[in-house]
Amino acid sequence: MLNLVLFGPPGAGKGTQSQKLIEKYGLIHLSTGDLLRSEISQGTELGLKAKKLMDEGLLVPDEVVIGMIESKIADNRDAAGFIFDGFPRTVPQAEALDQLLEKYDQGITCMIALQVDEQELVKRLLLRGKTSGRPDDADEALIQKRVVEYNTKTRPVADYYAQQGKFYAIDGIGEIEDIFAKSCEIIGACQLA
Ligand code: AMP
């Protein structure tokens, strides 16, 4: 299996690159943000609880997202692989993901981190907010809060994969196609390793 973690702060371009990678490698896209928004639109109890935190720019509890990922992996055992987008966002989530994949004798192939400076992130997210309909993209103070959550809780996840020799960083500012080509180069090298 090819199991990729696409990493980076909100607005780094994870969703855009995910779509291209899914098409090329035939992977299943697992975005915890999308899964949570789907729970919200269905009005589930989980969705209602998550919405409160998401609207404040805060992370939802680890067990909630781990549970969602666990059931998606179990439902797609025959997949060519997965692309994890916006997950794991904490070290305990990364540890849980390793344990989940181990159950199927699988592991993470590599993490690709899209690096974008804070000023550019805020600019991109405010622009996306004009059309995305996402309340958390519409307000600059909320965007800053999400970036703080990223810096404090999510950044250490990069070290977790670096320790396993699976961390690869790419400049996330530039042409979409160039960033995609670099991602494919990294994936190719990791598949050979
Ligand atoms: P995203 O679409 O990835 O930007 O996620 C939107 C929001 O959903 C985040 O700001 C968090 O509140 C929540 N969320 C998404 N994925 C996770 C995760 N892996 N862990 C905790 N909260 C998450």
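Residues numbered from 1 in each chain as written. Predicted model: local features only at pLDDT ≥ 70, side-chain atom pairs only at ≥ 80, totals over all residues. Heavy atoms only, no water.

Quick notes on the site of the ligand
In the neighbourhood of the ligand, 16 residues make up the surrounding shell, with T32, R37, L58, R89 and Q93 lying closest. In the model, a nitrogen atom of the ligand is placed 3.1 Å from a nitrogen or oxygen of the V60 main chain. The fraction of the free accessible surface of the ligand (480 Å²) that becomes covered by protein chains is 96%. The biggest single contributor to the shell around the ligand is helix α2 (residues 32–41), with four residues. Its residues assigned to classes, the shell around the ligand comprises seven nonpolar, four polar and five charged. (Near = heavy atom within 4 Å. Polar contact = N/O pair within 3.5 Å; in protein donor to acceptor, adjacent residues only side chain to side chain. Areas by Shrake-Rupley, 256 points an atom, 1.4 Å probe, with all protein chains shown as cover. Helix = DSSP H or I, 4+ residues; strand = E, 2+ residues; numbered from the N terminus. Nonpolar A, V, L, I, M, F, W, Y, C, P; charged D, E, K, R; others polar.)

Thoughts on the UniProt feature "binding site: ATP" (unreviewed entry) in the protein chain
Here the UniProt-annotated "binding site: ATP" (unreviewed entry) positions come out as G11, A12, G13, K14, G15, T16, R128 and G174. Following the sequence through the fold, K14 ends up in helix α1 (residues 14–25). A relative accessible area of 10% means that K14 is categorised as buried. Excluding anything up to four places from it in sequence, K14 contacts L6, F7, G8, P9, D85, G86 and L114. Engagement of the side chain of K14 in a polar contact is seen with the backbone oxygen of G8, the distance being 2.9 Å. (UniProt positions renumbered as here; feature names shortened; annotations may be inferred. Buried < 20%, exposed > 50% of the residue type's maximum accessible area, 1.4 Å probe, protein only. Contact = heavy atoms within 4.5 Å.)

Topic: the environment of I112
Its place among the elements puts I112 in strand β4 (residues 110–115). Considering only alpha carbons, one finds I112 and P88, 24 residues apart in sequence, at a separation of 12 Å.

Re the sheet that holds strand β1 (residues 2–7)
Read from one edge of the open sheet, five strands run β2-β3-β1-β4-β5, paired in parallel fashion. Edge positions in the sheet fall to β2 (28–31) and β5 (167–171), since each of these pairs with one other strand and no more. Direction aside, neighbouring strands of the sheet carry axes that sit 20° apart on average. Sheet topology note: the β1/strand β3 (residues 81–85) ladder contains five bridges and is parallel. (Pairing = 2+ DSSP bridges. Axes fitted to C-alpha atoms, helices over the stretch in contact; angles between N-to-C directions.)

So, the packing of aromatic side chains
One pass over the structure, following the stated rule, counts four aromatic pairs. Between the aromatic rings of F7 and Y150, the centroid separation amounts to 5.8 Å while the plane-to-plane angle is 45°, which identifies the pairing as tilted. A residue pair is termed long-range when its members are at least 10 positions apart, and F7 in strand β1 and Y150 in helix α7 (residues 140–154) qualify at 143 residues. What makes F7 buried here is its relative accessible area of 5%. (Phe/Tyr/Trp six-rings, centres within 6.5 Å; stacked < 30°, edge-to-face > 60°.)

A closer look at the UniProt feature "binding site: AMP" (unreviewed entry) in the protein chain
Mapped onto the present numbering, the UniProt feature "binding site: AMP" (unreviewed entry) falls on T32, R37, L58, L59, V60, G86, F87, P88, R89, Q93, R134 and R146. A maximum C-alpha distance of 24.3 Å shows the annotated residues, which cover 115 residues in sequence, to be distributed over more than one spot. The residue V60 is located in the loop between α3 (45–54) and α4 (62–75) in this model. For V60, a relative accessible area of 10% translates into the label buried.

Let's talk about the packing of α2 against α4
Two quantities define a packed helix pair, namely the angle between the axes and the distance from one axis to the other. Following both chains from N to C, one finds α2 and α4 inclined at 100°, their axes separated by 11 Å at the closest point. Between α2 and α4, the crossing angle belongs to the class labelled roughly perpendicular. Contact residues: α2 offers T32, L35, L36 and E39, while α4 offers V64, V65, M68, I69 and K72. Its residues placed into classes, the contact of α2 with α4 shows six nonpolar, one polar and two charged. (Parallel < 35°, antiparallel > 145°, perpendicular 65-115°, else oblique.)

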